[in-house]
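# Secondary and tertiary structure notes
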Amino acid sequence: MHKLVLMRHGESQWNLDNRFTGWTDVDLTEKGREEARRAGALLKQEGFEFDIAYTSVLKRAIRTLWLTLDELDAMYVPVINDWHLNERHYGALQGLNKSETAAKYGDEQVLVWRRAYAIAPNPLDIDDPRHPRFDPRYASLSPSELPATECLKDTVDRVVPFWNDTIAPSLRAGKRTIIAAHGNSLRALIKFLDGVSDEEIVGLNIPTAQPLVYELDDDLRPIRHYYLGNADEIQAAMAAVAAQGKAKQA
Ligand SMILES: O=C(O)[C@H](O)COP(=O)(O)O
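Residues numbered from 1 in each chain as written. Predicted model: local features only at pLDDT ≥ 70, side-chain atom pairs only at ≥ 80, totals over all residues. Heavy atoms only, no water.

### Notes on the UniProt feature "site: Transition state stabilizer" (unreviewed entry) in the protein
UniProt's entry tags His182 with the feature "site: Transition state stabilizer" (unreviewed entry), counted in the numbering of this structure. As for its position among the elements, histidine 182 is in the loop between strand 4 (177-181) and helix 7 (183-194). A residue is classified by how much of its surface remains accessible, and histidine 182, at 0% relative accessible area, is buried. Other than its neighbours up to four places away in sequence, histidine 182 contacts Arg8, His9, Ser56, Leu58, Arg60, Ala61, Leu85, Asn86 and Glu87. Within the structure, histidine 182 has its side chain in polar contact with the side chain of serine 56 (distance 2.8 Å). (UniProt positions renumbered as here; feature names shortened; annotations may be inferred. Helix = DSSP H or I, 4+ residues; strand = E, 2+ residues; numbered from the N terminus. Buried < 20%, exposed > 50% of the residue type's maximum accessible area, 1.4 Å probe, protein only. Contact = heavy atoms within 4.5 Å. Polar contact = N/O pair within 3.5 Å; in protein donor to acceptor, adjacent residues only side chain to side chain.)

### Brief notes about the nonpolar core
Counting residues in each nonpolar core, the largest one holds 29 residues, and the members touching the most others are Leu4, Leu6, Trp163, Ile179 and Tyr214. Elements supplying a minimum of two residues to this core: strand 1 (2-8), strand 2 (52-55), helix 6 (152-172), strand 4, helix 7 and strand 5 (212-216). Sorting elements by how many residues they give to this core places helix 6 first, with 9 residues. The residues contacting leucine 4, other than those within four sequence positions of it, are Trp163, Thr177, Ile179, Leu193, Leu212, Val213, Tyr214 and Leu216. Counting residues in hydrophobic clusters, the runner-up holds 15 residues, among them Val5, Leu43, Val77 and Ile178. (Core = buried A, V, L, I, M, F, W, Y, C linked by side-chain atoms within 4.5 Å.)

### Describing helix 5 (residues 107-115)
In an α-helix, one turn spans 3.6 residues; hence positions three or four apart end up facing the same way. All of the buried residues along helix 5 are Val110, Trp113, Arg114 and Arg115. Each buried residue of helix 5 sits inside an arc of 165° when the element is viewed along its axis, so together they form one side. On its buried face, helix 5 is in contact with helix 4 (98-105), helix 7 and helix 8 (231-243). (Arc of directions from axis to C-beta.)

### A word on the pairing of strand 1
Within a regular strand, the side chains alternate between the two sheet faces. Burial analysis of strand 1 places 6 of its 7 residues in the buried class, the great majority of the element. As paired strands, strand 1 and strand 5 are joined by 5 bridges and run antiparallel to one another. Bridge assignment links valine 5 to a residue of strand 5, and that residue is valine 213. (Pairing = 2+ DSSP bridges.)

### Topic: the packing of aromatic side chains
In this structure the tally under the stated criterion is 6 aromatic pairs. Consider the rings of tryptophan 23 and tyrosine 138, whose centres lie 4.7 Å apart with planes at 35°: the pair is tilted. One end of the pair, tryptophan 23, is in the loop between helix 1 (13-16) and helix 2 (30-45); the other, tyrosine 138, is in the loop between helix 5 and helix 6, with 115 residues separating them in the sequence. Each of the two residues, tryptophan 23 as well as tyrosine 138, counts as buried. Every member of this aromatic cluster is reached through a ring pair, and the members are Trp23, Trp83 and Tyr138. Sitting over the face of the ring of tryptophan 14, arginine 19 holds its NZ or CZ atom 5.6 Å from the ring centroid. (Phe/Tyr/Trp six-rings, centres within 6.5 Å; stacked < 30°, edge-to-face > 60°. Lys NZ or Arg CZ within 6 Å of the ring centre and 35° of its normal.)

### Description of the site of the ligand
Close to the ligand lie Arg8, Arg19, Phe20, Thr21, Gly22, Glu87, Tyr90, Lys98, Arg114, Arg115, Asn184 and Val241, which account for all nearby residues. Tyrosine 90 places a polar side-chain atom, nitrogen or oxygen, 2.6 Å from an oxygen atom of the ligand. Between lysine 98 and the ligand, the recorded distance is 2.8 Å, taken from a side-chain N or O atom to an oxygen atom. In the complex, the protein chains occlude 99% of the 320 Å² of accessible area that the ligand would expose alone. In terms of residue class, the shell around the ligand is made up of 3 nonpolar, 3 polar and 6 charged. (Near = heavy atom within 4 Å. Areas by Shrake-Rupley, 256 points an atom, 1.4 Å probe, with all protein chains shown as cover. Nonpolar A, V, L, I, M, F, W, Y, C, P; charged D, E, K, R; others polar.)

### Some words on the packing of helix 4 against helix 5
Running from amino to carboxyl end, helix 4 crosses helix 5 at an angle of 125°, the nearest separation of the two axes being 7 Å. In terms of orientation, helix 4 and helix 5 fall into the oblique class. Between helix 4 and helix 5, the residues in contact are Lys98, Thr101, Ala102 and Tyr105 and Asp107, Gln109, Val110, Trp113 and Arg114, respectively. Of the residues belonging to the contact of helix 4 with helix 5, the class tally is 4 nonpolar, 2 polar and 3 charged. (Axes fitted to C-alpha atoms, helices over the stretch in contact; angles between N-to-C directions. Parallel < 35°, antiparallel > 145°, perpendicular 65-115°, else oblique.)

### Some words on the sheet that holds strand 3 (residues 79-81)
With respect to topology, 6 strands assemble into an open sheet ordered 3-2-4-1-5-6, the strand pairing being mixed. The sheet is open, and its two edges are formed by strand 3 and strand 6 (222-227), each paired on a single side. Direction aside, neighbouring strands of the sheet carry axes that sit 20° apart on average. Pairing between strand 2 and strand 4: 4 bridges, direction parallel. Within strand 4, the residue paired with alanine 53 across the bridge is isoleucine 178.

Below is the structure:
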């Protein structure tokens, strides 16, 4: 049996501000750092140890991983940073406040933009300075790999090959693995691992910095999964993520 830990980053400044973030490289808040340390302490208390760690090239996930590993006194664990684990690119929505956007376009439309499996928000303009083609960390990517927007399906299409080519072989080799990533790159991975339908994935929301343990069989098929930590807190945190896209009640 293989054990895999998935974890979304801790609260970021734009989680706090309730802005669409996507590929914007926003850091953790102090609360987000504390959440990451708490996750590390919980993993330590439960006896988890890791041989390899994967994260994105965005600092909110990287710093979450560092703080978690530090708490485990395991900063020696090799870390693979890869853009395939980045958050879903949120296109032209990046930077906008989610509830203000809902007040303007309606809760239903924002739910489509946030959760519809195959509908992407409008793209960033090719000349927009925020377009990833201007960012040196993506310099080695071909133009066809560089998103200016993504729906969850597009994210699945980049996360799953990375899983198959890189993460799965190292799990099969017995490496105890933690992945610190993002709400939607983890939804993409969970959709693939658990065979969640396009309709059901709409209802899945991932709380910040809560370790989610997957037990996998020899073929890397999930046997079961569970969150470490307090079940009521986790339910409340999931409901809060779902509510982020609603217009504020007057
Ligand atoms: O990119 C973002 O805004 C968040 O990390 C995930 O947002 P969502 O829950 O609105 O998809």
